Amino acid sequence: MDDCASPLLRRLLDTHGSALHATHARLGDATAIVKPPALLEVMGFLRDEPGLEFDMLLDLTAVDHLGEEPRFEMVYHLYSLARNHRLRIKARLPESEPVVASLTGLWASADWMEREVFDLYGIRFEGHPDLRRILLDESFEGHPLRKDHPKAARRPPVEPRQA
Amino acid sequence: MSTGPRLRLPGERKDGAQPDLHAEHQILNMGPSHPATHGTVKFLIELDGESIVDLDVQVGYVHRGFEKECESRSWYQCIPYTDRLNYNSAILCNLGFCMAVEKLLEIETPERCQWLRVLAGEISRLGDHLTRCGASCLELQAMTPFLYGIEARELVWDLQEMLCGARVTTNYVRIGGVKHDLPEGFAAAAGDLLAKVRSLLRDFDAVVTRNRIFVDRLKDTGVLSKEDCIRHAVTGPVLRAAGVPLDLRKDEPYLVYDQLDFDVPVGTVGDNYDRYLVCVEEMQQSLRIVEQCVDRLGALGPGPVDVDDPRVRWPAKGRVFEGMEELIQQFKSVTEGPKVPAGEGYLAIESANGELGFYLVSDGSQRPVKVRCRPPSFLNLQPLPLMVRGAMLADLIPTFDFLNMIGGECDR
Amino acid sequence: MAVRVVTVNRVAKLTWVERLYLPMILKGLWVTSRHFFRNLWGFATGRSEAFVVQYPEERVDFADAFRGMPVLVARGDGLPRCVACGLCEFACPTDCIRIVPGELPDDAVERTPRSFTIDMARCMFCGLCEESCPEEAIVMSREVEIATFTRDAMLYEKEHLLVPEALLERRLGFLRAEYGRERAPAAPRDGA
Ligand code: SF4
Ligand code: SF4
């Protein structure tokens, strides 16, 4: 369902219509679902285009829709300080290959948040300069925010470090 | 928390080249519970003499799986968990979460409830800033201002206790309402305590603001320019200190903030001194807001503080004891919990540290599919290496303090 | 309301007096000694305004709304008022309540908990059990001193939890004052 109520979405549909799966503005949050290969381009456009100027990547997270295909969904929340408007961008990633382009080149704030998503969901970010776990330690097995990671799982005890 | 590829052996250079004899860099581990890191965080610092060459911030020591836990709880049961995000301003976390759920449910809370929420939120913000300024002084070896700051915070928390029943883990805001209405005698107590807080703030100001040692340690240290703030999505007082007047209470007014009279303080340089001044000014503004709220609540007179929506609010207790219908409703509400319509929503409020957002996804059942908290501390901490690279080791302390990283919120 | 932005007053340059250290130290001493002498005066005259409380000799009085450890309300005959309905068990976010229901054949309520255990080490004093209870049977007391030497001692059984109603007057009074709370009609959110 395409909802063109938001001029932002209208603009995006006009210029990058073929890169989008769908758009909606439910609950007042303008949302565009982007095809993953086009993500970097769309994001670059949103950041640099005069009139859109999304200069802040406020939030970046993922959702695990276990049982659906594509399973993972990347969710980005953009904010424009200059124009005071918001936009949500989503992209679905398949379970077999959860890889998406890193946005660290566009917004520095993506760095830690992408590391967090990598840590908790196991989604890899292509082009990230330093992709390693951030909240959990290296010895942790699995990605706890995946729905199939049991909540009661205990992390393996840390072995004493070999001298 | 990971020790990754950035860890190098002492003396080993980034490019793997052999170091010169006198240029040997030192690796210093600071934290995770260094007394001067008032959050649990570890710094891996590469030092050249006393100046910082590079810094790796390792967070995650207080990771408790907030999001995972919420996914297995009913919406209602998540509220006490949000208390534990930012223990300095728990009400603001309660508020952010509940308002996000209300957004999904598309309900509007009654006017009195909105004023109460603003009142509680500002009390909480005041406590947060007082702790930040006080604790920072302590870590700069100024014990007395710390005591004044903490005394003022305790007074503010007295008000919080009157209102919510707890000083720290308030569990005050409910989906579609608040837990308690104003207790009797609150206005008088608030007038009293706020006067004391003001006088303590004056003393605090007299001791530190123009004190040479304090100014020398804060001025021009930890500078983060406007552009860097924006690139790193830094929000809150840190961003405002850099000169950007972004305050969601003004820019996207929620609750009744559009009816309140308050100013947005901004700095010019974006160093620690500006951050300190912005925080102090924000406390004055919060005091003003609290007073306006108390007046307004007095003028509004008694009224409902909850919406009458059986989906979210449990029936009034009095009726549960008497009526069969309400009893059944109570059983249903508690055992099933509110069912939130399928969908997603992001709602952000201005917390004491910046934009506190909640992104919720529901599939129409009793349990959330996803509860994402956009933690301001986490994002504000990220550019720390940028702020201290090239600075002295001692500058790391005030810089880190004025970022006010809260472990619970940063690591969730 | 228009956004009013105020730029903070940044001390561009300290005056030479301020840069001399000593006058500012004296000023600081003036502030701190004022506090000191005020507290001393209060101590001498018995009207102490000092903020610190000499715990455990002195104790603060918590507010009416205060939530301490959850306890069970005992009826006049010493039995718990609880009917083992299990709602608090459901509402508790940390799953720290365990109830084994039992029968009470000769009584009007017919049901009583055979055992009622709260793991205080896990309880976070959130008050949701109290809020959910349809019998006013579990309430938050004003008790907070629950430190123990072992974790096992944190398991509170029914016998430890039962408190006569008379001792809970203040909490029950506070709760009852809120029972008749009205609700505002649900208005749909306009726009966003
Ligand atoms: S106070 Fe909260 S955590 Fe404790 S028993 Fe009651 S519901 Fe459970
Ligand atoms: S909710 Fe009340 S009556 Fe029901 S089991 Fe708990 S304490 Fe007993």
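Residues numbered from 1 in each chain as written. Chains lettered and ligands numbered in written order. Predicted model: local features only at pLDDT ≥ 70, side-chain atom pairs only at ≥ 80, totals over all residues. Heavy atoms only, no water.

**Student:** Help me out: how do you make sense of the overall build of chain A in this one?
**Tutor:** A count of helical and extended segments in chain A gives three helices and seven strands. Start at the N end of chain A and walk to the C end: the helices and strands fall as α-β-β-α-β-β-β-β-α-β. Based on the C-alpha atoms only, the size of chain A along its principal axes is roughly 60 × 35 × 25 Å. Residues counted as buried form 56% of the 163 residues belonging to chain A. Here the analysis covers contacts within chain A between residues at least 6 apart in sequence; of these, 48% occur between residues at least 24 apart. In the form shown here, chain A has an accessible surface area of approximately 7,200 Å², with 51% of it arising from carbon and sulfur atoms. Distance between charge centres in chain A, computed from 21 positive and 27 negative side chains, equals 4 Å. (Helix = DSSP H or I, 4+ residues; strand = E, 2+ residues; numbered from the N terminus. Buried < 20%, exposed > 50% of the residue type's maximum accessible area, 1.4 Å probe, protein only. Contact = heavy atoms within 4.5 Å. Areas by Shrake-Rupley, 256 points an atom, 1.4 Å probe, with all protein chains shown as cover. Lys, Arg positive; Asp, Glu negative; His and termini not counted. Charge placed at Lys NZ, Arg CZ, Asp CG, Glu CD.)

**Student:** Explain the site of ligand 2 to me, please; I cannot follow it from the model alone.
**Tutor:** Taken together, 14 residues lie around ligand 2, and Cys 82, Cys 85, Gly 86, Cys 88 and Cys 133 of chain C are the ones closest in. Its residues placed into classes, the shell around ligand 2 shows twelve nonpolar, one polar and one charged. (Near = heavy atom within 4 Å. Nonpolar A, V, L, I, M, F, W, Y, C, P; charged D, E, K, R; others polar.)

**Student:** Help me understand the domain arrangement of chain B in this model?
**Tutor:** All names here are of chain B. Taken domain by domain, chain B consists of domain 1 (26-55) and domain 2 (65-410). Using C-alpha coordinates to define each centre, domain 1 is positioned 29 Å away from domain 2. Across the boundary between the two partners, domain 1 contributes 18 residues, which contact 17 residues of domain 2. Where domain 1 abuts domain 2, roughly 1,500 Å² becomes buried across the two surfaces, and 69% of that area is made up of carbon and sulfur atoms. Across the contact surface, domain 1 and domain 2 share one salt bridge. Across the pair Asp 54 and Arg 389 runs a salt bridge whose closest N-O atoms are separated by 3.3 Å. Our count for the contact surface shared by domain 1 and domain 2 stands at four residue pairs in polar contact (both at pLDDT 80 or more). The element contributing the most residues to the side of domain 1 that touches domain 2 is strand 3 (residues 51-58), with five residues. The residue makeup of the side of domain 1 that touches domain 2, split by class, is eleven nonpolar, five polar and two charged. (Domains from an automatic or database assignment. Buried area = accessible area lost by both parts, 1.4 Å probe. Salt bridge = Lys/Arg side-chain N within 4 Å of Asp/Glu carboxyl O. Polar contact = N/O pair within 3.5 Å; in protein donor to acceptor, adjacent residues only side chain to side chain.)

**Student:** Sorry if this is basic, but what is going on with the site of ligand 1 here?
**Tutor:** Around ligand 1, the structure places Cys 92, Pro 93, Thr 94, Cys 96, Ile 97, Cys 123, Met 124, Phe 125, Cys 126, Gly 127, Cys 129 and Met 140 of chain C. Of the residues that constitute the shell around ligand 1, the class distribution is ten nonpolar, two polar and no charged.

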